[in-house]
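# Coordinates in review
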Amino acid sequence: MGIVSTILGFCGFGVGISIGLVIGYYLFIYFQPTDVKDPIIRPLVEQDSKTLQRLLPEIPQWVKNPDYDRVDWLNKFIENMWPYLDKAICKTARNIAKPIIAEQIPKYKIDSVEFEALTLGSLPPTFQGMKVYVTDEKELIMEPCMKWAGNPNIIVAVKAFGLKATVQVVDLQVFAAPRITLKPLVPSFPCFANIFVSLMEKYLLCLDDDVGSLEIRLEPHVDFGLKLLGADVMAIPGLYRFVQELIKDQVANMYLWPKTLQVPIMDPAKAMKKPVGILNVKVVRAMKLKKKDLMGASDPYVKMKLTEDKLPSKKTTVKHKNLNPEWNEEFNLVVKDPESQALEIIVYDWEQVGKHDKMGMNVVPLKELTPDEPKVLTLDLLKNMDPNDAQNEKSRGQIVLEALYKPFKDSEIPKDVEDSDEIQKAPEGTPAGGGLLVIIFHEAQDVEGKHHTNPYVRLLFRGEEKKTKSIMNDDKKVILENIKLLFDKHPLLNPTMVHHSATSHLLSLNSASSVESLLKYIKKNRDPRWEEEFQFTLDEPPTNDRIHVEVISTSSRMGLLHPKETLGYVDINLSDVVNNKRINEKYHLIDSKNGKIQIELQWRTSS
């Protein structure tokens with residue numbers, strides 16, 4: 001009997017303890033204390049130093065940090081768009097989660113995992129400020145300070161072994177300062193190829209005369225309620241802190257700076273329009289050209305280029321006094337986008353004095369060419385490409401071309417994607433002990449002359465002189481023709497009132513002379529952007545050399561007074577670029593009040 005009594009005592013004790021824990025858990029979960037008092041609210045001036053330091057993290061960043069900008073407009077936009085953003089985000093989350101769940105559940109012998117409810121609630125996140133970093137690279141870096149105390153309703157149903165359990169996430173709170181980097185910046189919409197997201201650790205140092213210095217560490221914070229079978233699991237003593245530490249460790253391992261989450265937006269190779277093929281064009285002949293000279297003849301030559309390309313036009317030789325010239329000259333042009341680019345052909349009449357007269361033009365879209373198949377084209381010369389212009393019905397002659405588009409094979413397409421941090425190798429034929437010096441003039445800021453500001457860059461290196469281009473001569477003519485064509489296509493634009501903020505002039509663009517005067521104002525630029533590159537092949541590294549860079553302004557008017565004016569200069573030693581391979585910096589211009597110029601230097605070697 002003693003043994004039986006002992007066994008029953010132990011069983012009774014075990015059952016009692018189990019029942020007591022279950023009853024205590026549900027009493028703890030479902031019964032709230034009634035003696036909770038409302039907090040005492042006092043003005044900040046009545047708070048002591050320690051209390052103010054504890055409150056400091058709650059103050060918006062734009063208030064306590066001048067580097068952060070106020071973004072109330074963004075919060076208002078998100079508030080109005082939140083009902084639609086909620087549905088779009090949840091739909092995207094479902095589509096992303098489905099294949100991941102389908103791949104993982106067989107490993108754990110789970111029948112199914114489904115979202116019974118998925119909504120982010122009615123409370124949108126708010127941004128307490130945003131900091132934007134200015135760099136000299138092709139990137140945009142933003143650090144928004146985000147706080148979100150939401151009321152989402154996320155219910156996940158898990159079925160296994162014939163049983164069903166539901167897990168509900170409620171009362172989500174997320175406080176974080178992510179770093180969002182858009183790079184590389186590309187000339188195709190949406191103008192960036194990748195999004196890189198990292199979470200930042202912020203350290204805030206507060207000083208107090210009584211307690212000394214106090215350091216507050218602001219980490220990414222995530223808080224939420226988790227209900228299992230209707231009960232709040234996070235209310236179990238000890239579990240909340242364990243989950244918080246687990247989340248912090250996992251987030252730090254995956255996304256804490258410098259680790260990043262990369263979200264690809266587009267193929268950088270396509271976005272940057274890397275070369276995809278070669279267009280071989282043979283200018284055969286022209287027929288029945290019109291007379292342009294007073295002596296009853298013309299001196300024709302052909303210029304051609306691909307649209308959306310900044311390279312200079314290809315040009316044939318001049319055939320003097322010939323209305324049916326034959327050239328039989330071949331040219332190769334680099335193709336970057338055969339779907340949108342077109343071959344532009346313009347025939348000019350050469351003049352020894354004065355501008356060259358345009359005899360006619362035409363355009364061949366590359367998408368009309370079959371790859372690797374030569375095609376003979378006989379094109380009528382037109383005044384312009386406006387199909388509604390009656391003057392195009394007038395005969396101006398014809399031109400015969402042979403075109404062959406040869407796309408690169410997969411092995412020939414460059415694998416490297418243009419990256420601002422990547423240094424290319426020097427081309428074949430570069431001296432073994434030397435390399436290729438590349439100098440890129442990006443832009444200048446706050447350059448201003450006393451008499452005129454039409455800036456270009458003059459480069460001197462080892463006695464050789466290079467110059468950047470400006471909006472002059474042929475470029476100016478092309479702009480004029482495009483503007484005139486725009487007005488011809490859209491008569492409602494005549495007259496259009498254009499306000500030029502720098503000169504406070506109102507121009508009526510209803511005549512060529514008005515457009516001409518507008519171009520003169522466009523040239524006056526205190527912040528010019530060139531994006532021009534110069535290369536020098538050297539037999540040895542330029543360790544002891546330097547370059548002389550000078551920003552010069554030329555007058556747009558004919559006259560003897562002040563035809564040129566120096567806006568500033570800088571001398572740069574090349575020893576650093578040889579050691580570092582690449583430098584991209586802004587240099588202060590000497591003899592300029594506030595002028596700066598951004599120059600990128602690269603030293604490329606074959607090894």
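Procedures and definitions
Every residue gets a number counted from 1 within its own chain, in the order that chain's sequence is written. Only residues with pLDDT of at least 70 are given local features in this predicted model, and only at 80 or more are side-chain atom pairs given and counted; all residues enter the totals for whole chains, interfaces and linings. Each side-chain value is derived from all of the structure's non-hydrogen atoms; neither hydrogens nor water enter the calculation. Secondary structure follows DSSP: runs of H or I at least 4 residues long count as helices, runs of E at least 2 residues long count as strands, and numbering of each begins at the N terminus. Remark: exposure states derive from per-residue accessible area (1.4 Å probe, protein chains only) relative to the maximum for the residue type, with buried under 20%, exposed over 50%, and partly exposed in between. The criterion used for residue contact is that any of the two residues' heavy atoms lie within 4.5 Å. Using the Shrake-Rupley algorithm and a 1.4 Å probe, accessible areas are obtained, with residue cover drawn only from the displayed protein chains. Counted as salt bridges are all cases of a side-chain nitrogen of Lys or Arg within 4 Å of a carboxyl oxygen of Asp or Glu. Within 3.5 Å is the distance limit for a polar contact, defined as a pair of N or O atoms, with the added protein rule that one can donate a hydrogen and the other accept it, and that residues adjacent in sequence qualify only through two side-chain atoms. Residues forming no salt bridge and having over 30% relative accessible area are the ones grouped into patches, like charges within 9 Å of each other and nonpolar side chains (Val, Leu, Ile, Met, Phe, Trp, Tyr) within 5 Å. The sign given to each residue is positive for Lys and Arg and negative for Asp and Glu; His and the chain ends receive no count. Where a charge sits is defined by one atom per residue type, namely NZ (Lys), CZ (Arg), CG (Asp) or CD (Glu).

### Regarding the overall build of the chain
Looking only at helices and strands, the chain features 9 helices and 30 strands. Looking at the chain as a whole, 35% of its 607 residues qualify as buried. When contacts within the chain are restricted to residue pairs at least 6 apart in sequence, those whose partners lie at least 24 apart make up 65%. Working note: accessible area of the chain is about 38100 Å², and carbon and sulfur atoms make up 56% of it.

### Observations regarding the pattern of salt bridges
As enumerated under the stated definition, the model contains 12 salt bridges in all. Linking Lys-131 and Asp-67 is a salt bridge whose minimum nitrogen-to-oxygen distance equals 3.8 Å. Highlighted residues: Lys-131 in strand β2 (residues 126-133) and Asp-67 in the loop between α3 (61-64) and α4 (72-104), separated in sequence by 64 residues. Judged by its relative accessible area of 17%, Lys-131 falls in the buried class. The shortest N-O distance in the salt bridge between Glu-143 and Arg-179 comes to 2.6 Å.

### Things to note about the side chain of Glu-600
Inspection of the secondary structure puts Glu-600 in strand β30 (residues 596-604). Given the relative accessible area of 7%, Glu-600 is considered buried. A distance of 2.8 Å separates polar atoms of two side chains, one belonging to Glu-600 and the other to His-442. A distance of 3.1 Å separates the side chain of Glu-600 from the side chain of Arg-582, its partner in a polar contact. If near-sequence neighbours (up to four positions away) are discounted, Glu-600 is found in contact with Val-438, Ile-439, Ile-440, His-442, Arg-582, Ile-583 and Asn-584.

### A look at a positive patch on the surface
On the surface, a cluster of positive charge is made up of Lys-288, Lys-290, Lys-292 and Lys-394. Relative to the helices and strands, Lys-394 resides in the loop between β19 (375-380) and β20 (398-407).

By themselves these figures say nothing about function.
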